Amino acid sequence: IIYGGPLALMITVFLVQVKCFAEIINIGYAVYKMDNLPWFRSLSWYFLVASNYFFYGESLVEQFGVLINNVDFLPFLVRYHRLISFSMYIIGFVWFVLSLVKKYYLRQFSLFAWTHVALLCVVTQSYLIIQNMFQGLIWLIMPVMMVIINDIMAYVFGFFMGRTPLIKLSPKKTWEGFIGGGLATVVMSLGLAYFMCQVPYLICPIEYSAELERMTMSCEPSALFRPQEYGLPDTVTTWRRILGMKETVTFYPFFVHCFFMSLFASIIGPFGGFFASGFKRAFKIKDFGDLIPGHGGIMDRFDCQFLMATFVNVYIHSFINIPTPGKLLQQVFMLRP
């Protein structure tokens, strides 16, 4: 899938999103017992389509706007994208009001709110995942791997060393697993980052090339992904000099960002799982679905991933996202005379 590039990854994220939405919505139908109102299920899926049209359209306009403007009928969709998206939502809103049945008002409004919370948790997060990916595949792969590593290592440490319960929502979670998994995540993430920083395919953002007249994933690695020398405090430098070691250290600047992302994955990431556990306990269900035997549904596997994706997107826009010549050139090409 990674070799397939951005399009394959976008399709994968979309499929995961649809399945997660279906699992959350099905729980809502079971809780509120709305099976006797057939239009309401259709309405929930309509809102999913409208939301995806807006968010995926935003991504395509932002990243592929130059190419889209070269196709005859697409500039119209680009120019009025938000108007079309809003119109689609209004149609769904009116549809909902017309579908209200007197004795089901409370249940219908409850499920209407349920649908929108599901859209907020799933569709919005999927959009952020795609935004991260366009900054370079490493911003998608590393956070995903951090959560997976933390999940596995927390289980391993908890299985062999776990003695102290961590939180009542997840009785099997222990402090030993939480701390051991966190430390292992930081170390293993830095090791993985070392190899990924050397692969241009993973670190280059997806940008428009004026020379090739197409989107590319080839670039001269930015300073973030080139080894840099850093000085050390005088005391440390003195000891390294005595031991015959180099007075400076050399590493990829991305390691610093990787360190903070791995801390989030280790400390805050598990709370996405705790939240999901509380949600399932509230509605007396074991899993969101049964697609994966013994592991529940897709949402059971991605509860922490969505939270991690949001943090990475905020982190990129706060500390990383500096305009590059390619991005500026793309904006220039999108300007209308």
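In this text the structure is predicted, and so the values were computed from the model without any measurement.

Reading the values: rules and limits
- Residues numbered from 1 in each chain as written.
- Predicted model: local features only at pLDDT ≥ 70, side-chain atom pairs only at ≥ 80, totals over all residues.
- Heavy atoms only, no water.
- Helix = DSSP H or I, 4+ residues; strand = E, 2+ residues; numbered from the N terminus.
- Buried < 20%, exposed > 50% of the residue type's maximum accessible area, 1.4 Å probe, protein only.
- Contact = heavy atoms within 4.5 Å.
- Areas by Shrake-Rupley, 256 points an atom, 1.4 Å probe, with all protein chains shown as cover.
- Axes fitted to C-alpha atoms, helices over the stretch in contact; angles between N-to-C directions.
- Parallel < 35°, antiparallel > 145°, perpendicular 65-115°, else oblique.
- Left-handed = near helix turned anticlockwise from the far one by under 90°.
- Nonpolar A, V, L, I, M, F, W, Y, C, P; charged D, E, K, R; others polar.
- Phe/Tyr/Trp six-rings, centres within 6.5 Å; stacked < 30°, edge-to-face > 60°.
- pLDDT = per-residue confidence, 0-100.
- Core = buried A, V, L, I, M, F, W, Y, C linked by side-chain atoms within 4.5 Å.
- Disulfide = S-S within 2.5 Å.

Digging into the overall build of the chain
And then number 1: Each helix and strand counted, the chain has 13 helices and six strands in total.
And then number 2: The 337 residues of the chain split such that 44% are buried.
And then number 3: Taking as baseline every contact in the chain between residues at least 6 positions apart, the subset at least 24 positions apart corresponds to 72%.
And then number 4: Taken as a whole, the chain presents about 18900 Å² of accessible surface, with 70% of it coming from carbon and sulfur.

Quick word on the packing of helix α1 (residues 5-32) against helix α5 (residues 105-134)
And then number 1: The contact between α1 and α5 brings their axes to 10 Å, and the two run at 165 degrees. Relative to α5, the element α1 lies roughly antiparallel. Relative to α5, the crossing made by α1 is right-handed.
And then number 2: Partitioning the contact of α1 with α5 into residue classes produces 21 nonpolar, five polar and one charged.

Some details on the packing of aromatic side chains
Any two aromatic rings considered together are summarised by their centre-to-centre distance and by the angle between their planes.
And then number 1: Evaluated as defined, the whole model comprises 30 aromatic pairs.
And then number 2: Ring geometry for F96 against F112: centres 4.2 Å apart, planes inclined by 25 degrees, an arrangement best described as stacked. In this pair, F96 sits in helix α4 (residues 81-98) while F112 sits in helix α5, placing the two residues 16 residues apart along the sequence. Neither residue differs from the other here; F96 and F112 are each classed as buried.
And then number 3: Both rings, one in F251 and one in F255, keep their centres 6.3 Å apart while their planes meet at 5 degrees; by these two values the pair is stacked.
And then number 4: Linked through ring pairs, Y46, F47, Y89, W95, F96, F109 and F112 together constitute an aromatic cluster.

Focus: the confidence of the model for the chain
And then number 1: The share of residues in the chain with pLDDT of 70 or more is 87%, and the mean pLDDT across the chain is 84.
And then number 2: This stretch, residues 333-337, has a pLDDT under 50; its non-local contacts, to residues over four places away or in other chains, come to 10 contacts.

Quick look at the nonpolar core
And then number 1: In this structure, M133, I138, W139, M142, F225, F254 and M308 are the most contacted members of the largest nonpolar core, which totals 67 residues.
And then number 2: For this core, the secondary structure elements donating two or more residues are α1, α2 (38-68), α5, α6 (138-161), α7 (175-196), α8 (200-203), α10 (254-267) and α12 (298-320).
And then number 3: In terms of residue count, α5 provides more of this core than any other element does, 13 residues in total.
And then number 4: Setting aside residues up to four positions removed in sequence, W139 forms contacts with N132, L224, F225, F254, H257, M261, V312, I316 and I320.

Section: the state of the cysteines
One way to say it: the disulfide is the covalent bond shared by the sulfur atoms of two cysteines.
And then number 1: Inspection of every chain in the model, using the stated rule, returns one disulfide.
And then number 2: No disulfide involves C258; its sulfur sits 7.8 Å from that of C197, the nearest cysteine.
And then number 3: A relative accessible area of 0% means that C258 is categorised as buried.

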